[in-house]
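In case you want the letters, here they are:
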Amino acid sequence: MVYGNLGVENVNISVIGTQQGTVTDAQGDYTITLTEKGRRINLNYSCIGFQDTIVGLTPARLQRDSINISFKMRKQDYTLKEVSILAERPHFEGDRHIIIDFEVYDGIVCMLQGSANKYRLLLADENLMVFDTILIPKGIRPVQLLKDCMGNCQLEASDSVYQINLKEKTMPFLATERNRYYAVMENCLFLTDQHLYLKAEALDGFSTIFYRIDVETKQKQPLFISDGSENITDIKDEWDFQARNPVDLAHPVPGGAWDRFIQMFWFNHNSSHLALASNTLVYFDHDNNKIHQYDLDMNETNSCTTEYPLKSDWKPRIFQDKANNKFYTVIGYWFNEIDIQTGKTIPKIKIDVDIYSKVSLWHSHLYILKRQQTSTGKIRSYVERVDF
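Cut-off values and rules
- Residues numbered from 1 in each chain as written.
- Predicted model: local features only at pLDDT ≥ 70, side-chain atom pairs only at ≥ 80, totals over all residues.
- Heavy atoms only, no water.
- Patch = residues over 30% accessible without salt bridge, like charges linked within 9 Å, V, L, I, M, F, W, Y side chains within 5 Å.
- Areas by Shrake-Rupley, 256 points an atom, 1.4 Å probe, with all protein chains shown as cover.
- Salt bridge = Lys/Arg side-chain N within 4 Å of Asp/Glu carboxyl O.
- Buried < 20%, exposed > 50% of the residue type's maximum accessible area, 1.4 Å probe, protein only.
- Helix = DSSP H or I, 4+ residues; strand = E, 2+ residues; numbered from the N terminus.
- Core = buried A, V, L, I, M, F, W, Y, C linked by side-chain atoms within 4.5 Å.
- Contact = heavy atoms within 4.5 Å.
- Pairing = 2+ DSSP bridges.
- pLDDT = per-residue confidence, 0-100.
- Phe/Tyr/Trp six-rings, centres within 6.5 Å; stacked < 30°, edge-to-face > 60°.
- Lys NZ or Arg CZ within 6 Å of the ring centre and 35° of its normal.
- Axes fitted to C-alpha atoms, helices over the stretch in contact; angles between N-to-C directions.

A closer look at a nonpolar patch on the surface
Turning to step 1, where the next piece is worked out: On the surface, Met 150, Leu 191 and Val 215 cluster together to form a nonpolar patch covering roughly 240 Å² of accessible area.
Turning to step 2, where the next piece is worked out: On the basis of relative accessible area, Met 150 is assigned to the partly exposed category, the value being 48%.

Right under this line is the structure:
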């Protein structure tokens, strides 16, 4: 039996895929008896004027005699369509097992957990309802989850990288040496039927070169160059200042690693971004405040001017939702959708992405990994889904 209070009268609670359902009374209370307990059940809560909410119940949870599901229905705002948050955000908490990392692979949320030298991968659906587990063999100490240019799940350990078959729920016996994996895959962006797309830093450390390699002929074709060499003058001025002020102990003497630090971090230019959306190449030319679109034969199909790189609180990161081919960026504390046809940005939700351990997008869901230290010193970790 499932029961609870939603704070609203006449809310329809239905079992998705069946004719079974009920409705809340004048106090917002409801009770529904589920006859099927051997499979996953999804309950849909809907009411005119309020946002729909779907809650999933696993077979293990359905074995309980009673299940309490209570929350407040959130009113639907029909005027501010760009901001839409579920009444109760789906989330999964690690409990005794700390969530080390997570990634989303074609709608499967894969969470890496560890406790007392035991590690496992939990596979969950878009609602963060776990449906399967992959145990990691002893002797493997995972570090993080990776997604390669083909969208495959890769498990990085201390000295090796393992590809995980999420469909078969298996790990291979053979692994790739970690340094070799990064040497080959780190700069790979994505793969089409004909080309492998990559990026590489120029030797001066200021420019990024985007290019592609024909998978049959192995011919290399340069595509774009993102040039940040205008920072060289700023760096020379910084070197000169430090040379004239050797008593400033907050800064090391110019030269060597200090030069490299200034070059790579202090004056790192707003790197451009190349992505694939369906059969369209999308190039975010942040040096010139442009967004260009090309077909796979490199014929330009659209170009527009954008202003977000000029904003002082813009954070030079581009997020792609590959489920619906949408792009996002962060301006201040707002997560913004980028209209690649016009270059305009649309505020979607107010959130500080920098405070989270990881952020991932799928199907208009923003998944975030949170870690917090409790008053007792324990680490609380959980993955939460934010909708917009």
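Let's pick the thread back up.
Notes on the pattern of salt bridges
Turning to step 1, where the next piece is worked out: Within this structure, the stated rule accounts for 7 salt bridges.
Turning to step 2, where the next piece is worked out: A salt bridge links Arg 178 to Glu 156; the nearest nitrogen and oxygen atoms lie 2.5 Å apart. Separated by 22 residues along the polypeptide, Arg 178 in helix α2 (residues 178–185) and Glu 156 in strand β14 (residues 153–157) bring together distant segments of the chain.
Turning to step 3, where the next piece is worked out: A residue is classified by how much of its surface remains accessible, and Glu 156, at 1% relative accessible area, is buried.
Turning to step 4, where the next piece is worked out: With a shortest N-O distance of 3.4 Å, Lys 370 and Glu 384 are connected by a salt bridge.

Overview of the environment of Lys 348
Turning to step 1, where the next piece is worked out: Mapping Lys 348 onto the fold places it in strand β28 (residues 345–350).
Turning to step 2, where the next piece is worked out: In this structure, the C-alpha to C-alpha distance between Lys 348 and Asn 336, residues 12 residues apart in sequence, is 5.4 Å.

Details of the nonpolar core
Soluble globular proteins tend to bury their nonpolar side chains together.
Turning to step 1, where the next piece is worked out: Counting residues in hydrophobic clusters, the biggest one holds 21 residues, and the most contacted among them are Val 2, Leu 34, Leu 43, Tyr 45, Ile 69 and Met 73.
Turning to step 2, where the next piece is worked out: Broken down by secondary-structure element, the contributors of at least two residues to this core are β2 (12–15), β4 (29–32), β5 (41–46) and β6 (53–57).
Turning to step 3, where the next piece is worked out: Sort the elements by how many residues they give to this core and β5 lands first, with 3 residues.
Turning to step 4, where the next piece is worked out: When sequence neighbours within four positions are dropped, the list of residues in contact with Leu 43 reads Val 2, Ser 14, Val 15, Leu 34, Thr 53, Ile 54, Val 55, Leu 57 and Ile 69.

Section: the sheet that holds strand β1 (residues 2–5)
Turning to step 1, where the next piece is worked out: Here 3 strands make up an open sheet; going across it, the order is β4-β1-β7 and the pairing mixed. In this open sheet, the two strands that pair with only one neighbour each are β4 and β7 (67–68).

Let's talk about the confidence of the model for the protein
Turning to step 1, where the next piece is worked out: On average, residues of the protein score 82 in pLDDT, and 82% of them are at 70 or above.
Turning to step 2, where the next piece is worked out: This model gives residues 77–87 a pLDDT under 50, and the stretch forms 26 contacts once residues within four places in sequence are excluded.
Turning to step 3, where the next piece is worked out: Low pLDDT, under 50, characterises residues 247–254; the predicted model gives this stretch 11 contacts beyond four residues in sequence or across chains.

Quick notes on the packing of aromatic side chains
Turning to step 1, where the next piece is worked out: Applying the stated rule across the entire model yields 13 aromatic pairs.
Turning to step 2, where the next piece is worked out: Ring geometry for Phe 210 versus Tyr 283: centroids 5.6 Å apart, planes at 70 degrees, classification edge-to-face. In this pair, Phe 210 is assigned in strand β19 (residues 207–214) and Tyr 283 in strand β22 (residues 280–285), connecting sequence segments 73 residues apart. Grouping residues by exposure puts Phe 210 and Tyr 283 together as buried.
Turning to step 3, where the next piece is worked out: A network of ring pairs unites the aromatic residues Phe 210, Phe 224, Tyr 283 and Tyr 294 as a single cluster.
Turning to step 4, where the next piece is worked out: In this structure, Lys 220 is placed above the aromatic ring of Tyr 211, and the distance from its NZ or CZ to the ring centre is 4.3 Å.

So, unusual backbone geometry
Apart from glycine, the bulk of residues carry a negative phi angle, and the bulk of peptide bonds sit in the trans form.
Turning to step 1, where the next piece is worked out: Phi angles above zero are rare outside glycine, and Ser 278 is one such case at about 60 degrees.
Turning to step 2, where the next piece is worked out: By relative accessible area, Ser 278 is classed as exposed at 53%.
Turning to step 3, where the next piece is worked out: Backbone geometry places Met 298, a non-glycine residue, at a positive phi of 70 degrees.
Turning to step 4, where the next piece is worked out: If you trace the backbone, Met 298 turns up in the loop between β23 (290–294) and β24 (300–305).

Describing the sheet that holds β23
Turning to step 1, where the next piece is worked out: Spatially, 4 strands are ordered β21-β22-β23-β24 in an open sheet, and the strand pairing comes out antiparallel. Bordering the open sheet on either side are β21 (273–277) and β24, each of which pairs with just one other strand. Across the sheet, the axes of successive neighbouring strands diverge by a mean angle of 15 degrees, strand direction being ignored.
Turning to step 2, where the next piece is worked out: Note: β23 against β24, 5 bridges, orientation antiparallel. By the bridge assignment, Lys 290 is partnered in β24 with Thr 305.

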